[in-house]
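# Chain and residue survey
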Amino acid sequence: MKKTIKVKGITLGEGTPKICVPMVGRTTSQLIEEARLHKTLDLDLVEWRVDHFEQVDDLMQVKEALANIRSVLTDIPLIFTFRSTKEGGEKEISNDHYIELNKEILQTGQVDFIDVELFNEEKDVKTLINFAHSHDVFVIVSNHDFEKTPPKEEIVSRLRSAQDLGGDIPKIAVMPKTNEDVLALLDATNIMYEKYADRPIITISMGQKGAISRVAGFGSALTFGAAKVGSAPGQIAVNELRSMLNLLNQ
């Protein structure tokens, strides 16, 4: 029996894949404008990609921006994500600041999920997972490869590692170069979902070639759509994405 995750009326791990839309504003005023737009969209969750935020080095400014976002998005589940440059993010910060940033945000009580990259030091991943759980926040343990699609055995291995570390939602996103790469990601998703997963998982094949993975699912619980600006290649406009998901899951 697979566990589901229920947050603010949204259940991940059952039914149609849920839609998450990123926020990538560089300033607080841009983020408030984005939040107001997102509130009008047919989405299920929002991800704040804080690596795009110009003042991410200033914890007080980050917390102030978060409070402004939450004042608009009062009842929508919120994912807090700092994506490193090695995994496709906008900016690099020190490991110490990465941990401090996430811990400070967890203590605000204003986010429902944090995203922790799988290939950080294992002790740091476990520290953040334990700290998040002590504050009733779920953890997405993620890995992103913007260069290639690893063999499906490696994809499954990384998802299982994320699960074994205690992540509430293992996630992987990979870049396809061929149609076979897309099929490898979908096959790996199916293998993980059917044989190993005891909780929701997220898998994505990025870029135009991988767009089918954003609607086909094959066991993936969450897909990412775009409002005005996406946070990764191949994201589909949120309204189109909802129509496709409804059509496939009638």
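Conventions adopted
Residues numbered from 1 in each chain as written. Predicted model: local features only at pLDDT ≥ 70, side-chain atom pairs only at ≥ 80, totals over all residues. Heavy atoms only, no water. Helix = DSSP H or I, 4+ residues; strand = E, 2+ residues; numbered from the N terminus. Rg over C-alpha atoms; globule rule 2.2 N^0.38 Å. Buried < 20%, exposed > 50% of the residue type's maximum accessible area, 1.4 Å probe, protein only. Contact = heavy atoms within 4.5 Å. Areas by Shrake-Rupley, 256 points an atom, 1.4 Å probe, with all protein chains shown as cover. Lys, Arg positive; Asp, Glu negative; His and termini not counted. Charge placed at Lys NZ, Arg CZ, Asp CG, Glu CD. Expected span 1.5 Å × (residues − 1). Pairing = 2+ DSSP bridges. Right-handed = clockwise from strand over helix to strand, strands pointing away. UniProt positions renumbered as here; feature names shortened; annotations may be inferred. Salt bridge = Lys/Arg side-chain N within 4 Å of Asp/Glu carboxyl O.

With that out of the way, let us pick up the overall build of the protein. Helix and strand content of the protein: eight helices and eleven strands. Taking 250 residues into account, the globule formula puts the C-alpha radius of gyration at 18 Å, and the protein, at 17 Å, falls close to it. Burial statistics for the protein: of 250 residues in total, 55% are counted as buried. For the protein, the share of sequence-separated contacts (at least 6 apart) that also reach a separation of at least 24 residues comes to 73%. Working note: accessible area of the protein is about 10800 Å², and carbon and sulfur atoms make up 48% of it. With 29 positive and 37 negative side-chain charges, the protein shows a separation of 3 Å between the mean positions of the two kinds.

So, on to helix α3 (residues 95–106). The end-to-end C-alpha separation of α3 is 17 Å, in line with the 16 Å expected for twelve residues at 1.5 Å each. Looking at α3, one finds that the buried residues are His-97, Tyr-98, Ile-99, Leu-101, Asn-102, Ile-105 and Leu-106. Contact partners of the buried residues in α3: α2 (59–72), β5 (78–81), β6 (113–117) and α4 (122–134).

Moving on: the pairing of strand β3 (residues 18–23). Burial within β3 is extensive, with six of its six residues counted as buried. With three bridges connecting them, β3 and strand β10 (residues 222–226) associate as parallel partners. When the bridges of β10 are listed, Cys-20 appears paired with Phe-224. Of the crossover connections in this fold, the one passing from β3 over helix α1 (residues 28–38) to the parallel strand β4 (residues 45–49) is right-handed.

The next thing to look at is the UniProt feature "binding site: 3-dehydroquinate" (unreviewed entry) in the protein. In this numbering, the UniProt entry assigns the feature "binding site: 3-dehydroquinate" (unreviewed entry) to Glu-47, Trp-48, Arg-49, Arg-83, Arg-214, Ser-231 and Gln-235. Tracing the sequence through the fold places Glu-47 in strand β4. When you line up the elements, Arg-49 lands in strand β4.

This brings us to the pattern of salt bridges. Side chains carrying opposite charge are able to pair once their charged atoms draw close together. The full count for this structure, using the stated rule, is 17 salt bridges. The closest approach of N and O atoms between Lys-8 and Asp-112, which form a salt bridge, is 2.8 Å. With Lys-8 in the loop between β1 (5–7) and β2 (10–12) and Asp-112 in the loop between α3 and β6, this residue pair connects regions lying 104 residues apart in the sequence. Its relative accessible area of 41% is what places Lys-8 among the partly exposed residues. The shortest N-O distance in the salt bridge between Lys-91 and Asp-57 comes to 2.8 Å.

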